[in-house]
Amino acid sequence: MSVFKRFMSTNISPEVCGYIKKLSVVGAGQMGIGIGLVAARVAKLDVEFVEPNEQQIERGFGLIDKLLEKDISRGRCTEQEMQAIKSRISTVSSVEDIKATDFVIEAVTENVDLKKKIFSRLSAHLPKDTIIATNTSSISVTKIASAVQPTMDPSKVIGMHFMNPVPVMKLVEIIPGLQTSENTLAVTVALAQKMNKVTTVSKDAPGFVANRLLMPYINEAVIALDEGIASREDIDTTMKLGMNMPMGPLTLADFIGLDTCLAIMEVLHKELGDSKYRPAVLLRNYVEAGWLGKKSGRGFYDYNSQ
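Treat the numbers as computed from the prediction; the structure is a model and nothing was measured.

The rules behind the values
Residues numbered from 1 in each chain as written. Predicted model: local features only at pLDDT ≥ 70, side-chain atom pairs only at ≥ 80, totals over all residues. Heavy atoms only, no water. Helix = DSSP H or I, 4+ residues; strand = E, 2+ residues; numbered from the N terminus. Expected span 1.5 Å × (residues − 1). Contact = heavy atoms within 4.5 Å. Polar contact = N/O pair within 3.5 Å; in protein donor to acceptor, adjacent residues only side chain to side chain. Core = buried A, V, L, I, M, F, W, Y, C linked by side-chain atoms within 4.5 Å. Buried < 20%, exposed > 50% of the residue type's maximum accessible area, 1.4 Å probe, protein only.

### Some thoughts on helix 8 (residues 210-226)
Then comes step 1: With 17 residues, helix 8 should cover 24 Å at 1.5 Å per step; its first-to-last C-alpha distance of 25 Å lies within 8% of that length.
Then comes step 2: On the buried face of helix 8, the contacting elements are strand 6 (157-162), helix 9 (232-243), helix 10 (249-256), helix 11 (258-272) and helix 12 (281-288).
Then comes step 3: With its phi angle positive at about 75°, G228 sits one or two positions after the end of helix 8.

Next comes the structure, spelled out in structure tokens:
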């Protein structure tokens, strides 16, 4: 019986991850910062960010300050609690600088070669029983696990897909790879629950559940825009008010990042081989122009004046 099928009938206690006191997060972008902040604040773990770019660290810590100050203004956090949260957060500049960690989450760009390189370096440096999770939103966990060094047990590799923005979204999609052990799955689910997240489990298939459904929806909206079926505003309004979506697909794409949307569509198209997953030409053109959405100031909408 597969790990996936065994889990479906297994009740996981949060105490399974009781030994986890320190979490290392590789990458201090929006996703990595969100994961680390929730771990430090909700799960009260010591969090170590691994990020070589000093400017990215500064931006990340600025985001942490902004989110915590907003919570203080809304009565969700006190000044004392904010200082305690920040005291649990530290940084190092490379994976080789990680010291005595209990669990690692990789949260870098959705690029298979980059992720495999990081997993190779992590597995060469960390104790062989350290669990390493990837926050990939579409890439095969089994493929990423194949990059670990012989000194590490590939059964300790798993997918842990957080939703963006991490402090707000409740879901974590858990993806066991072909090599993932039942114990690794149980510890990962329990860790997510300790972070006050709701978990679902997906087979290691392209896009998993979330992006297998979401990205073709966004891609079709881009095609509709490109074909002149409706304006960007009318496409978004139709889905918001007609289908009760919290935001329209083009606004959502800008929020996710058009480069991320394109990368996921490319994975779906390549791995599944079906033309229905072909990335929209307009989506690719926007990415090539550097119009990546909210993070770059322009995507389907202009954010520079906001």
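### Details of the side chain of S181
Then comes step 1: As for its placement among the helices and strands, S181 is situated in the loop between strand 7 (171-176) and helix 7 (182-194).
Then comes step 2: Within the structure, S181 has its side chain in polar contact with the side chain of T184 (distance 2.9 Å).

### Structural notes on the nonpolar core
Then comes step 1: Ranked by internal contacts, the top residues of the largest apolar core, which has 42 residues, are I35, F103, M160 and F162.
Then comes step 2: The element that contributes the greatest number of residues to this core is helix 2 (residues 30-41), accounting for seven residues.
Then comes step 3: Judged by nonpolar contacts, the second largest core, of 25 residues, contains L252, A280, L283 and Y286.

### Examining unusual backbone geometry
Then comes step 1: Cis geometry marks the peptide bond from N164 to P165, where omega comes out at 0°.
Then comes step 2: In this structure, P165 sits in the loop between strand 6 and strand 7.
Then comes step 3: For A100, which is not a glycine, the phi torsion comes out positive at approximately 45°.
Then comes step 4: Tracing the backbone shows A100 in the loop between strand 3 (89-92) and strand 4 (103-106).

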